[in-house]
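# Coordinate analysis (summary)
What follows is the residue order along each chain.
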Amino acid sequence: MVAVLALLFVQSITDWLKEAVEWVPLAALFGALLVFLAPAGSQDMFYGSYHIDSLSQFFKGIVFIGLAVCAANAMRVPNLGKANKADYFFFMFMSAFGLLLLSSAVELFTIYISMELASFSLYILLPFRNNDQRAVEAAVKYVLFGAVASAIGLYGISYILAAQHTSYISELLTMDWSFAHQPMALIGLALFLLAFLYKIALFPFHFWAPDVYQGASNETAAFAATLPKLGAIVVMVRLMAFQPGPEVITILAVFAAVSMTLGNLTALIQSDVKRLLGYSSVAHAGFVVMALAAGGAHGLASAAYYALVYMVMNLTIFWVITRISHAGENVALTDLQGLHSRSPLLAFVLAVSAFALVGLPPTAGFIGKLFVLNSAWDAGQYWLVIIAVLNTALAIFYYLNLVRHAYTLDQSTPAKIALSPIGASMAILLAVGVLYLGIVPQNIYAFLVQASMGIIS
Amino acid sequence: MLTSGFPLLSTLIFFPLLGAGILFFLRSDTAVRVFTLAVGLIECLLAVPMAVGFDTSTARFQMVEKAEWIQSWNISYFLGIDGISVLMVLLSVFLLPICVLCSWKYIGRRVKEFHFCLLLMTTACIGVFTSLDFVLFYIFWEAMLVPMYLLIAVWGGPKRRYASLKFFIYTLAGSTLFLAAIVALFINTGTFSIPELMEHSYSFRFQFWTFLAMALAFAIKVPMYPFHTWLPAAHVEAPTAGSVLLASILLKMGAYGFLRFCLPITPAASHFFAPLMIGMGILSIIVGSLLALGQSDMKKLIAYSSVAHMGFVTLGIFVFAFRGVEGAIMHMLNHGIITGALFLLVGLIYERSHSRELAENLGVSRYLPSFTGFLLLFSMAAFGFPGTNGFFSKLLVLLGVFEVSTPVGVVFIVGLLLGLAYLLRLLLNVGWGTPTKAAAWKDMSFREWVYLVPLGVLVIYLGVAPGKALSFLGPSIDNLLDNFQAQKELRIETASTPSAQFRAQDGAYLPLSFAGEDTRPIGQHMHAASLHLPSFQDAEPDVRRVAWLPERTSSIPAPVRMSEE
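Residues numbered from 1 in each chain as written. Chains lettered and ligands numbered in written order. Predicted model: local features only at pLDDT ≥ 70, side-chain atom pairs only at ≥ 80, totals over all residues. Heavy atoms only, no water.

### Focus: the overall build of chain A
Basically, it comes down to this: Secondary structure elements follow DSSP: runs of H or I no shorter than four residues count as helices, runs of E no shorter than two count as strands, and numbering proceeds from the N terminus. Each residue gets one of three labels from its accessible area relative to the maximum for its type: buried under 20%, exposed over 50%, partly exposed in between, using a 1.4 Å probe on protein chains only. We call two residues in contact when some of their heavy atoms are within 4.5 Å. Computed with the Shrake-Rupley method and a 1.4 Å probe, the accessible areas treat only the protein chains shown as cover for residues.
Counting its secondary structure elements, chain A contains 19 helices and two strands. Out of the 457 residues belonging to chain A, those deemed buried represent 65%. A sequence separation of at least 24 residues applies to 80% of the contacts in chain A between residues at least 6 apart. Of the accessible surface of chain A, which amounts to about 15,200 Å², a share of 70% is contributed by carbon and sulfur atoms.

### Digging into the overall build of chain B
Tallying secondary structure elements over chain B gives 20 helices and two strands in all. Taken over 565 residues, chain B has a buried fraction of 65%. Here the analysis covers contacts within chain B between residues at least 6 apart in sequence; of these, 82% occur between residues at least 24 apart. Carbon together with sulfur atoms contributes 65% to the accessible area of chain B, which is approximately 18,200 Å² in total.

### With respect to the confidence of the model for chain B
All names here are of chain B. Definition in use: As a per-residue measure, pLDDT tells how confident the predictor is, with possible values from 0 to 100.
Residue-level pLDDT values for chain B average 80, and 85% of them are 70 or greater. Confidence drops under pLDDT 50 across residues 491–565; counting only partners more than four residues distant or on other chains, this segment forms 137 contacts. Listed scores for the predicted complex are pTM 0.83 and ipTM 0.83.

### Here's the deal with the packing of helix H4 (residues 111–130) of chain B against helix H11 (residues 240–265) of chain B
Residues and elements named next belong to chain B. Put simply, the rule is: Whenever a helix is involved, its axis is fitted only over the stretch in contact; in every case the axis is a line through C-alpha atoms, and angles between N-to-C directions fall within 0 to 180 degrees. Angle categories are assigned with fixed cut-offs, so that under 35 degrees is roughly parallel, over 145 is roughly antiparallel, 65 to 115 is roughly perpendicular, and the rest are oblique. The hand of a helix crossing depends on one turn: near helix anticlockwise from the far one by less than a right angle means left-handed, and clockwise means right-handed. Gly counts as polar in this scheme, as do all residues outside two lists: the nonpolar Ala, Val, Leu, Ile, Met, Phe, Trp, Tyr, Cys and Pro, and the charged Asp, Glu, Lys and Arg.
Contact pair H4 / H11: the axes reach a minimum separation of 11 Å and the direction vectors enclose 15°. Here H4 lies roughly parallel to H11, going by the angle between them. In this structure, the crossing between H4 and H11 has a hand that is left-handed. Here Phe114, Leu118, Met121, Cys125, Val128 and Phe129 of H4 come into contact with H11, specifically with Ala241, Leu245, Ile249, Leu250, Lys252, Met253 and Tyr256. For the contact of H4 with H11, the per-class residue count stands at 12 nonpolar, no polar and one charged.

### Points about helix H14 (residues 322–353) of chain B
All names here are of chain B. Definition in use: A helix is expected to reach a length of 1.5 Å times the quantity of its residues less one.
Helix length check: H14, at 32 residues, gives a terminal C-alpha distance of 45 Å against a target of 46 Å (1.5 Å per residue), a fit within 8%. Summarising burial for H14: 29 of the 32 residues are buried, a large majority. In the segment just after H14, histidine 354 is the residue with positive phi, at about 55°.

### As for the pattern of salt bridges
Pairing is possible between side chains that carry opposite charge, provided their charged atoms lie close to one another. Threshold: A pair is scored as a salt bridge if a Lys or Arg side-chain nitrogen falls within 4 Å of a carboxyl oxygen belonging to Asp or Glu.
Enumeration over the complete set of coordinates arrives at nine salt bridges over all chains. Ionic pairing is found between lysine 141 of chain A and glutamate 137 of chain A, a salt bridge with its closest N-O pair at 3.5 Å. With lysine 141 of chain A and glutamate 137 of chain A both in helix H6 (residues 133–164) and four residues apart, the pair spans about one turn of that helix. For lysine 141 of chain A, a relative accessible area of 26% translates into the label partly exposed. What makes glutamate 137 of chain A partly exposed here is its relative accessible area of 44%. Close ionic contact of glutamate 448 of chain B with arginine 352 of chain B constitutes a salt bridge, the shortest N to O distance being 2.9 Å. Here glutamate 448 of chain B is found in helix H18 (residues 446–464), whereas its partner arginine 352 of chain B is found in helix H14, with 96 residues between them in sequence. Side by side, glutamate 448 of chain B and arginine 352 of chain B carry an identical accessibility label, which is buried.

### A few points about the environment of serine 425 of chain A
For serine 425 of chain A, the position within the fold is in helix H18 (residues 421–439). In sequence terms serine 425 of chain A and leucine 370 of chain A are 55 residues apart; their C-alpha atoms lie 29 Å from each other.

Structure follows, in structure tokens:
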């Protein structure tokens with residue numbers, strides 16, 4: 001498995017010298033195929049710091065799929081010099097490689113290193129936008145915030161290590177995580193979690209998200225908005241299997257609630273679509289953390305399912321945005337006007353993804369939310385559920401606004417949007433994916449419940 | 001439960017969806033119209049075996065289809081109909097061809113999308129009325145919003161954006177709390193199956209909050225005063241077909257929700273909140289009628305009259321008397337037919353005068369005699385002229401209300417008189433005012449005859465011979481009230497049944513405390529509440545029996561409960 005991964009990246013490096021990059025998404029798809037075909041079962045590697053189980057395989061699979069979509073999306077980044085093209089994909093793959101490691105890492109330092117690998121590649125990837133000051137600003141912001149967050153995470157590890165005398169998750173699982181007995185360990189865990197809360201842009205670490213989304217080119221934003229979050233979520237799923245004391249859970253729950261509300265309220269007034277999505281991702285992070293805070297096999301499985309749903313929804317909407325965007329410029333709400341006549345297909349796909357992001361049935365967003373709400377209510381967090389559903393009502397306005405602009409307002413000079421056959425079929429495929437995850441979630445969800453049970457016990 | 005071999009209900013639900021898919025491949029506008037009409041007519045034919053095959057002697061859910069869907073959360077694909085839903089399904093199916101016909105000329109642009117939305121709406125509506133699984137129900141319930149939103153937002157009047165957004169946000173805001181209630185019910189019982197949920201009993205606190213969450217969604221949908229403000233805006237801006245669908249089907253879903261969920265699942269809370277709901281029902285009647293009286297826009301007038309009409313329905317439901325509930329359901333059906341027809345008439349005259357102002361459409365009787373005839377018929381039905389369907393259902397509700405409380409009944413009659421006032425104003429102005437422009441208009445075309453005649457026939461038929469429709473309802477209502485009587489006196493200590501999957505701790509469902517410790521029986525809550533209507537204060541202090549809740553009046557033997565199968 002790992003050997004194949006390494007091979008893929010060696011190829012990626014050699015490709016540096018070449019111009020032809022069309023094979024890149026296919027390679028990613030091939031990786032996904034390998035993950036799904038690889039024999040299931042659990043296996044330890046590298047002195048027990050690398051663990052292959054069904055959860056890690058699931059996340060690897062979706063990272064590969066997401067990578068394939070992102071790479072296909074980035075095939076013709078308009079404002080990227082020819083010479084940079086191969087570098088761009090190299091760093092994208094490098095970052096994804098970090099995420100792959102992250103989904104299997106079961107030792108705190110390994111997690112840390114994998115995370116840094118993923119982040120550093122992303123730091124380089126972000127400013128790949130020719131002659132745009134905002135891109136540089138975004139990258140600097142991301143680097144500074146990221147460095148602080150990972151430093152805090154490292155600091156947290158030191159506390160955990162000092163209190164529990166091990167950095168292996170399998171051993172940590174058996175330890176006591178109550179505040180009464182292990183206050184230091186719990187504080188350490190909280191600090192360590194902060195590093196990942198930063199990654200998924202949860203309040204109060206969300207400041208980078210809108211700026212980075214806005215600053216990075218559309219294609220890069222599609223990548224930065226989705227895949228790194230998956231890596232953070234898988235680690236958080238593993239950490240929450242500790243069943244830490246109520247102190248950490250409460251902090252997470254409060255963060256989740258504030259995050260949802262704040263994200264939605266701020267998104268209401270955005271006019272740049274990517275900025276809007278940035279704030280909406282803050283709200284979605286709240287949803288994932290809500291499921292994590294619920295804990296238990298169902299809670300963790302819903303968090304993982306929501307992560308998948310979130311990735312697919314966002315990739316879909318970003319796919320549409322990159323198609324609409326004129327010469328790689330940011331898309332404003334007004335640019336969506338008259339989309340129904342300029343490209344009925346894109347308008348439809350946009351509507352599907354927007355309604356999914358609201359959580360309207362029968363899309364994936366609804367089922368994902370339903371799972372999360374179920375597990376949160378089951379864990380007794382009634383107030384959080386109420387806040388979450390009120391937030392859904394709050395979120396309607398700006399998501400609906402996207403659809404409204406696309407369908408009901410007309411542009412004075414409607415110009416048809418030229419869609420390549422691949423662009424069109426990918427859009428359809430992604431929309432079908434959103435609907436599929438909403439209508440037949442059973443198999444994937446059952447698999448995830450099994451996987452979560454595996455890591456809890 | 002009676003299972004049919006052929007998945008009739010699924011066919012009914014998904015046939016329009018299939019049609020919507022095929023629509024994509026049609027090129028010309030006329031082809032789209034003809035095709036949708038054909039789908040609508042075939043759908044009507046498909047509904048015939050459902051109506052004929054329906055067994056009117058039992059209250060059980062019939063033509064049940066059940067399949068596993070999401071096992072991890074015990075969600076299933078579960079369909080079935082009882083007497084209440086069969087009428088609503090028939091109404092939804094019946095209106096589809098009418099909607100196509102009335103938009104034939106009116107909709108000139110983006111014709112394909114328009115009919116796509118119509119078909120999608122039909123699918124969602126039938127889905128709502130036949131779902132027996134809460135998640136499935138919620139999916140259809142929400143799925144309906146999207147096409148309705150588009151119908152208003154794309155083909156609506158000048159203020160369509162405002163109206164459609166308001167409609168969407170209002171209804172979805174209510175529905176999200178409804179979703180929380182669904183989740184709460186599920187965690188409490190471990191099932192999403194509606195018949196199973198009806199069998200459980202819940203603690204009063206739980207019912208209290210669940211009822212509130214569900215009732216808010218339904219009250220917005222009904223719409224009940226003071227949640228009605230989205231309705232006039234949406235109605236006025238929507239195209240004719242949209243108005244018809246909105247008035248005839250969407251508004252019914254709120255009342256249907258009360259009947260299907262609030263009464264059976266949270267009987268004690270329904271009971272507790274009944275004075276509030278009755279009060280809001282009365283307010284809806286009075287306020288709706290007064291507002292209708294003051295309108296100069298014909299569509300607005302009818303929209304506000306819908307608020308009043310649906311007030312009658314709420315009233316009928318929450319008196320918990322057999323006649324009242326029967327009348328309420330019949331009035332749901334009748335209001336669907338009558339108000340739908342009135343909107344069609346307004347649309348019809350709008351196509352001629354391009355104005356919905358009363359002042360612009362005066363005195364058409366001489367020039368449009370057949371139009372005036374239909375207007376006369378449907379207005380009479382709307383204010384409840386004997387011999388029309390409106391009379392009959394209002395009479396039933398009135399009987400139910402008087403059984404329970406004379407003062408409420410008197411207020412009810414005041415509401416009826418107000419209804420007479422605004423409808424006469426409409427009728428006299430439009431029919432026999434001083435004509436301004438009417439001379440230039442043509443009377444109804446063949447197409448317009450085609451879609452109005454069936455509605456007219458139904459108005460008369462249901463007014464003269466309502467027995468057939470009522471025969472669908474008897475056992476279902478009986479069962480409903482039976483369950484209700486059995487469950488309303490609630491044992492507070494009742495433990496919920498924990499599912500194997502979810503160990504929910506009893507009593508832990510409601511973190512917020514309600515009125516101190518809950519050890520009193522339900523009756524005392526009622527007396528402690530300040531929501532009394534005058535007659536309720538006369539209730540005996542006996543906590544086991546509440547005076548204003550009548551004994552069951554029907555002589556139909558108690559139906560077999562589902563648990564005995």
